[in-house]
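Working through the structure, step by step
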Amino acid sequence: MVAKFRTGVVISMSATILHQAAWPSGFPTSRAYVLFFGPIADRFGRAREVPIPLSGCRLGRLKAEVAGQVEGGLEAMADPSLRMVLGNLLADEDTWVNPDQQVTFFSVVSEC
């Protein structure tokens, strides 16, 4: 399966391409704190620290990085009901994420 996010990042489910989604070796990085709520937490767990460039990155790029970290992550991140929050505000894939910021992924449809 191949997915193309609006930011132009393309991910394939092949292990080779998933490893290429990571930041280049030796690239200076910081981190973003990522939380998951609802069904997506079943795939990724409740929280992760994800490396990002010291200058930050677009949320779409961070989303692609997270998607490549677990089996089935690509499908989970492609769910149309998935929403993203940066800090306390709804965000889209073009939103800039600075180091040490908190990003939350959740589904607008929750299971009871």
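Refer to the structure presented above.
The structure contained in this document is the topic of the report that follows. Everything numeric here is computed off the predicted structure, so don't read it as measured data. Once a new chain begins, its residue numbering starts again from 1 and follows that chain's sequence as written. Residues qualify for local features only when their pLDDT is at least 70, as the model is predicted, and side-chain atom pairs are given and counted only at 80 or more; totals for whole chains, interfaces and linings, by contrast, use all residues. Where side-chain values are given, they derive from all heavy atoms of the structure, hydrogens and water being excluded.

1. Topic: the pairing of strand β9 (residues 102–107)
Keep this limit in mind: In short, DSSP must find at least two bridges between two strands for them to pair. Secondary structure elements follow DSSP: runs of H or I of four or more residues count as helices, runs of E of two or more count as strands, with numbering from the N terminus.
When strand β3 (residues 29–37) meets β9, the two strands line up parallel, connected through 5 bridges. Bridged to leucine 35 within β9 is threonine 104. Examined bridge by bridge, strand β6 (residues 82–86) and β9 share 5 bridges and lie antiparallel to one another. From the neighbouring strand, valine 85 faces β9, where its bridge partner is threonine 104.

2. Structural notes on the pattern of salt bridges
Counted only if it meets this: The term salt bridge refers to a side-chain nitrogen of Lys or Arg lying within 4 Å of a carboxyl oxygen of Asp or Glu. Whether a residue is buried, partly exposed or exposed follows from its accessible area with a 1.4 Å probe, protein chains only, as a fraction of its type maximum: under 20%, in between, or over 50%, in that order.
For the structure shown, the criterion picks out 4 salt bridges. A salt bridge links arginine 31 to glutamate 49, with the nearest nitrogen and oxygen atoms 3.8 Å apart. Of the two residues, arginine 31 sits in strand β3 while glutamate 49 sits in strand β4 (residues 47–53), which places them 18 residues apart along the sequence. We classify arginine 31 as partly exposed; its relative accessible area is 33%. In this structure, arginine 61 engages glutamate 65 in a salt bridge whose closest nitrogen and oxygen atoms are separated by 4.0 Å. On the criterion of helical spacing, the pair formed by arginine 61 and glutamate 65 is a turn pair, its members being 4 residues apart in helix α3 (residues 59–67). The two residues arginine 61 and glutamate 65 agree in class, both being buried. Each member of the salt-bridge network shares a partner with another, and the members are Arg31, Glu49 and Asp100.

3. A few points about the pairing of β6
Where burial is concerned, most of β6 is hidden: 4 out of the 5 residues are buried. The pairing of β6 with strand β7 (residues 89–91) spans 3 bridges and is antiparallel. Bridging from a neighbouring strand, leucine 86 pairs with leucine 89 of β7. Connecting the antiparallel pair β6 and β7 is a turn made up of 2 residues, with glycine 87 showing a positive phi of about 70°.

4. Examining the environment of aspartate 100
The criterion, for reference: Should any heavy atoms of two residues lie within 4.5 Å, those residues are considered in contact.
Positionally, aspartate 100 belongs in the loop between β8 (96–97) and β9. Not counting residues up to four positions away in its chain, the partners in contact with aspartate 100 are Ser30, Arg31, Ala32 and Tyr33.

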